[in-house]
Amino acid sequence: MHEYKATPAESMEVEKSLAKQPQHASTGYARVACHRMRQAFKQKLIDIIPALQGRVYDVQPPSQTAEEPYAVMVLGEEIWKSSWAGYRQVVRIKLYAGQAGLAQADVWANTLIAGLHRASVTGKGEDTSAFTAHYLGVRDAEMLDTVTGKAYRTLRFGVYVPETEGGSAASAPGAAQPEEWLAALVGWTQKQLGELWSVYADAWPAQPGSHAVLWRLSGCETRMAGASMYELRKRFIGHITAPVTTEENRAASALVEGFAAQIQLPLEQDKGRYMSTAEASADLQADATLDGQLRLTLVQRRMRPAEEAALIRRVEIHPILK
């Protein structure tokens, strides 16, 4: 069977990813997720296209004379992306329409893209694992199997598999708590967007909500504001994901407007501690999972600690020599 061949750029990306993986974390969680992902995707394909019931195979069909139509699912590249997104698992789906022809395969392909892109793929029974699929496109959509002489239509989807769960507005007992400013930002965002949205800190969890926001700290710096004061600045990046792009854009706009309307965000309101918004912007074309649409800089002015000096024990006055 003719297999999809990665471009030189893709191959280089895989090699770099494999070299980096030991530095980040073990692939244990990702490997467990692959098995669940495979089963969940198979069931989702059948739900969307009932004609594929019992005809979704791994890697290749059991024989060259397998009854058509059928689909072949292959797990492709597993690439480390970032500490907050984890691994991206590529899923390739090949549609063999048989006598119905490639026109029917095109119809099924469009149906699968509409049903899988940005959709949650959930396991059945006791396995409630959920994976969000993103359509990646293909270099060669239509190919010919040189062994069987059958034509097929190819689809590629990407699924992000985080290594560990990040903090959230309701962290699990014993979980590491996010940084103080980050925790305050998560709480403020939750109030701004409402209960429909889930807000996380540091990294995407294994199963984020359908409407989710992730805040992560990207940098910090200090600036002198006078002889006795200095400014502490922290930069944050916000990721917004939703089933449709318009919902992401509305949430991004609402948050940027909220930062402008409420310049001071509470850090410890009972103690009168606040942080101020210095800059807030949104790039609605940015990749929500990898890059994040929001850029935020928060500032807090602090008093410099007084320097300790030796106490004066006595004072002696000498006459002025003329």
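The coordinates are above.
Counting restarts for each chain: residues are numbered from 1 in the order of the written sequence. A pLDDT threshold of at least 70 governs which residues receive local features in this predicted model, and a stricter bar of 80 or more applies before side-chain atom pairs are shown or counted, although totals over entire chains, interfaces and linings include all residues. Hydrogen atoms and water are omitted, and side-chain values are computed over all heavy atoms in the structure.

Draft legend 1. Examining the overall build of the chain more closely. Looking only at helices and strands, the chain has five helices and 14 strands in total. Contact between two residues is taken to exist if any of their heavy atoms lie within 4.5 Å; hydrogens are not considered. Long-range contacts, defined here as pairs at least 24 residues apart, represent 61% of the contacts in the chain between residues at least 6 apart. All accessible areas in this document rest on Shrake-Rupley with a 1.4 Å probe, and a residue is counted as covered only by the protein chains that are shown. Just so you have it, the chain exposes about 17,800 Å², and 51% of that area is on carbon and sulfur atoms. Secondary structure counts use DSSP, requiring at least four H or I residues in a row for a helix and at least two E residues in a row for a strand, with both numbered from the N terminus.

Draft legend 2. Quick look at the side chain of Thr289. As for its position among the elements, Thr289 is in the loop between strand S13 (273-282) and strand S14 (294-303). Leave out the neighbours within four places in its chain, and Thr289 touches Trp84, Ala85, His134, Tyr160, Trp204, His239 and Thr241.

Draft legend 3. Just the packing of aromatic side chains, in detail. Two aromatic rings, drawn from Phe, Tyr or Trp (for Trp, its six-membered ring), form a pair once their centres lie within 6.5 Å of each other, and the interplanar angle then sorts them: stacked below 30 degrees, edge-to-face above 60, tilted otherwise. With the rule as written, the count across this model stands at eight aromatic pairs. Relative to Phe259, the ring of Trp188 has its centre 4.5 Å away and its plane inclined at 20°; by these criteria the two rings are stacked. Here Trp188 is found in helix H4 (residues 180-193), whereas its partner Phe259 is found in helix H5 (residues 245-261), with 71 residues between them in sequence. Taken together, the ring pairs connect Tyr57, Tyr70, Tyr96 and Tyr152 into an aromatic cluster. Positioned over the ring face of Trp84 is Arg216, at 3.5 Å from the centre of the ring. Whether a charge sits over a ring comes down to the Lys NZ or Arg CZ being within 6 Å of the ring centre and within 35 degrees of the ring normal. Directly above the aromatic system of Trp181 lies the positively charged group of Lys234, at a separation of 4.6 Å from the ring centroid.

Draft legend 4. Seen up close, the layout of surface pockets. Approximately 760 Å³ is the volume found for the largest pocket. Using protein atoms alone on a 1 Å grid, points that fit a 1.4 Å probe yet trap it form a cavity, whereas open point sets bounded by protein on both sides within 12 Å along at least five of seven lines form a pocket; residues with an atom within 4 Å of a point count as lining. Residue lining of the largest pocket: 38 residues in total, with Thr132, His134, Tyr160, Thr241 and Thr289 positioned closest to the centre. Among the elements of the structure, helix H2 (28-48), strand S5 (130-135), strand S7 (151-161) and H5 are those that each provide at least two residues to the lining of the largest pocket. Ranked by residue count, the leading element in the lining of the largest pocket is S5, at five residues. Grid points are joined across faces, edges and corners, and a volume is the space filled by probe spheres set on the points.

Draft legend 5. Representation of the pairing of S13 in the model. In this structure, strand S12 (residues 264-268) lies alongside S13, joined through four bridges in antiparallel fashion. Within the sheet, the bridge partner assigned to Glu268 lies in S13 and is Arg273. Counting the residues that bridge the hairpin from S12 to S13 gives four residues, and of these Gly272 lies at a positive phi of roughly 70°. When DSSP finds two or more bridges between a pair of strands, those strands are recorded as paired.

Don't take any of this as a statement about function, it's just geometry.
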